[in-house]
Amino acid sequence: MRYAGRSEIIVVDSLSDQNPLLKQIRRAVSRGALTEDGFAVAEGIHLVEEARAAKCEIRAVIVAESAQTRFANLEGARAVSDKTFRDLASTETPQGVLALVRPRKWQAHELLGPNAMVIALDGIQDPGNAGAIVRAAEAFGATGVVFLKGTVNPYNPKCLRGSAGSAFRVPITTELDFTGLTVYAAMPHADITIGDVDFRGPCAMVIGSESRGVSPDWVAHATGVRIDTAGVESLNAAVAAGILLYEARRQRTR
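Here the structure is a predicted model, which is why all the values come from computation and not from measurement. (Residues numbered from 1 in each chain as written. Predicted model: local features only at pLDDT ≥ 70, side-chain atom pairs only at ≥ 80, totals over all residues. Heavy atoms only, no water.)

**Description of the overall build of the protein chain**
Phase 1: Along the protein chain, the regular secondary structure elements total seven helices and 11 strands.
Phase 2: Here the protein chain has a C-alpha radius of gyration of 20 Å; the compact-globule value for 254 residues is 18 Å, and the two agree.
Phase 3: Along the three orthogonal principal directions, the C-alpha set of the protein chain runs to about 60 × 35 × 30 Å.
Phase 4: Taking as baseline every contact in the protein chain between residues at least 6 positions apart, the subset at least 24 positions apart corresponds to 77%.
Phase 5: Only carbon and sulfur atoms are counted for the fraction: they give 48% of the accessible area of the protein chain, which is about 12,300 Å².
Phase 6: Between the averaged position of the 28 positive side-chain charges in the protein chain and that of its 28 negative side-chain charges there is a distance of 4 Å. (Helix = DSSP H or I, 4+ residues; strand = E, 2+ residues; numbered from the N terminus. Rg over C-alpha atoms; globule rule 2.2 N^0.38 Å. Contact = heavy atoms within 4.5 Å. Areas by Shrake-Rupley, 256 points an atom, 1.4 Å probe, with all protein chains shown as cover. Lys, Arg positive; Asp, Glu negative; His and termini not counted. Charge placed at Lys NZ, Arg CZ, Asp CG, Glu CD.)

Listed below in structure tokens is the structure:
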């Protein structure tokens, strides 16, 4: 297996816990962010394969000693002890392989245009929910995802896992000029239902956190829309995002 990218695979030539590369991984995992030099920690063979398929630069592949046989085909992979690997991983039951992957940097114009359909995350802190929204964004043809201020880092390891690899393909940014987009915000008590909205033009859909909802700034500047429900007042953020995206895609493809 060969990995695309300009940097060579880094050889972990020491099993010491003080190895500088291992220290970088620990810091990135504990902060839920990229390493100091811009690499995401992708855990599990699925994410490693998805990063390779997306032609992302892969700086290092690390496997647990007990998993060396299973991942013997991973070119450049270096082993660390099972204990060290467990200390590196963010999952309770790690698969025994992780990689440092440089995500692509997207430009604003790649999310916009006449067919823009952007989903914006407003204060969503749960990385699993955020990752699932990125996955839904790809599934329903969104042109990009905006992680607004107060939202979890898009390259939090748990967010990456929740996206199931979509985060390596879907345009993601933390800042975007929404000029030219019709902005809708999901609000459980809005007067307008999503079935009464025309999503066919360039638009953005804002999803707030389950605890606080959409922030006041967006309430003031967006058109509130609701998803009709029976028996419950509100939905999980990822479920709500998926329904909005599905409806937008349905309108655009009918």
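**As for the pairing of strand β1 (residues 40-43)**
Moving residue by residue along a regular strand, the side chains alternate between the two faces of the sheet.
Phase 1: Burial along β1 is two-sided: Ala40 and Ala42 facing one way and Val41 and Glu43 facing the other are all buried.
Phase 2: Inspection of the sheet shows β1 paired to strand β4 (residues 97-102) by four bridges, in the antiparallel sense. Bridged to Ala40 within β4 is Val101. (Buried < 20%, exposed > 50% of the residue type's maximum accessible area, 1.4 Å probe, protein only. Pairing = 2+ DSSP bridges.)

**Concerning the environment of His109**
Phase 1: Mapped onto the secondary structure, His109 falls in the loop between β4 and β5 (117-122).
Phase 2: Judged by its relative accessible area of 60%, His109 is exposed.
Phase 3: As a C-alpha pair, His109 and Ile58 span 51 residues in sequence and 26 Å in three-dimensional space.

**Quick notes on the layout of surface pockets**
Phase 1: Approximately 370 Å³ is the volume attributed to the largest pocket.
Phase 2: Surrounding the largest pocket, 20 residues form its lining, Ala186, Met187, Pro188, Ser234 and Leu235 being those nearest its centre.
Phase 3: Mapped onto the lining of the largest pocket, the elements with two or more residues apiece are β10 (203-208), β11 (223-226) and α7 (237-253).
Phase 4: In this structure, the second largest pocket spans a volume of roughly 280 Å³.
Phase 5: Across the lining of the second largest pocket, the residue classes tally to six nonpolar, four polar and three charged. (1 Å grid on protein atoms, 1.4 Å probe; cavity = no way out; pocket = protein on both sides within 12 Å on 5 of 7 lines; lining within 4 Å. Points joined across faces, edges and corners; volume = space filled by probe spheres on them. Nonpolar A, V, L, I, M, F, W, Y, C, P; charged D, E, K, R; others polar.)

**Things to note about the sheet that holds strand β3 (residues 78-80)**
Phase 1: Strands sit in the order β1-β4-β2-β3 across an open sheet of four strands; the sheet is mixed. Each edge of the open sheet is held by one strand with a lone partner, namely β1 and β3. Strand after strand, the sheet turns through a mean of 30 degrees between neighbouring axes, direction not considered.
Phase 2: Helix α1 (residues 20-31) rests against β1, β2 (57-64), β3 and β4 of the sheet, and its axis sits at about 95 degrees to β2.
Phase 3: Strand contacts of helix α2 (residues 45-53): β1, β2 and β4, with the helix running at about 30 degrees to β4, the strand carrying the most contacts. (Axes fitted to C-alpha atoms, helices over the stretch in contact; angles between N-to-C directions.)

**So, the packing of aromatic side chains**
Phase 1: In total, this model carries three aromatic pairs according to the counting rule given.
Phase 2: Note on Phe178 and Trp218: the rings are 5.0 Å apart at their centroids and 70 degrees apart in plane angle, and the pair reads as edge-to-face. Of the two residues, Phe178 sits in the loop between β7 (172-173) and β8 (182-186) while Trp218 sits in helix α6 (residues 216-221), which places them 40 residues apart along the sequence. In this pair, the class of Phe178 matches that of Trp218, namely buried.
Phase 3: Measuring from centroid to centroid gives 5.2 Å for Tyr184 and Phe199, while their planes differ by 70 degrees, and the two rings are edge-to-face. (Phe/Tyr/Trp six-rings, centres within 6.5 Å; stacked < 30°, edge-to-face > 60°.)

**A closer look at the pattern of salt bridges**
Phase 1: A full pass over the atoms with the stated rule returns 13 salt bridges.
Phase 2: Salt-bridge contacts for Lys83 lead to Asp87; the nearest nitrogen and oxygen are separated by 3.3 Å. In this pair, Lys83 and Asp87 are both assigned in helix α3 (residues 82-88), four residues apart and thus about one turn of the helix distant.
Phase 3: In this structure Lys83 comes out as exposed when scored by relative accessible area, which is 51%.
Phase 4: In this structure Asp87 comes out as partly exposed when scored by relative accessible area, which is 40%.
Phase 5: Taking the shortest distance from any N to any O, the salt bridge between Asp198 and Arg200 comes out at 2.9 Å. (Salt bridge = Lys/Arg side-chain N within 4 Å of Asp/Glu carboxyl O.)

**Focus on the nonpolar core**
Phase 1: Ranked by internal contacts, the top residues of the largest apolar core, which has 69 residues, are Ile119, Val145, Phe147, Phe199 and Leu244.
Phase 2: At seven residues, the largest contribution of residues to this core is made by α7.
Phase 3: Not counting the four nearest positions on each side in its chain, Phe147 is found in contact with Leu121, Ala130, Val134, Val152, Asn153, Pro154, Cys159, Ile172, Thr173 and Thr174.
Phase 4: The next biggest cluster of nonpolar side chains, apart from the first, holds 19 residues, and it includes Val118, Ala120, Phe178 and Ala204. (Core = buried A, V, L, I, M, F, W, Y, C linked by side-chain atoms within 4.5 Å.)

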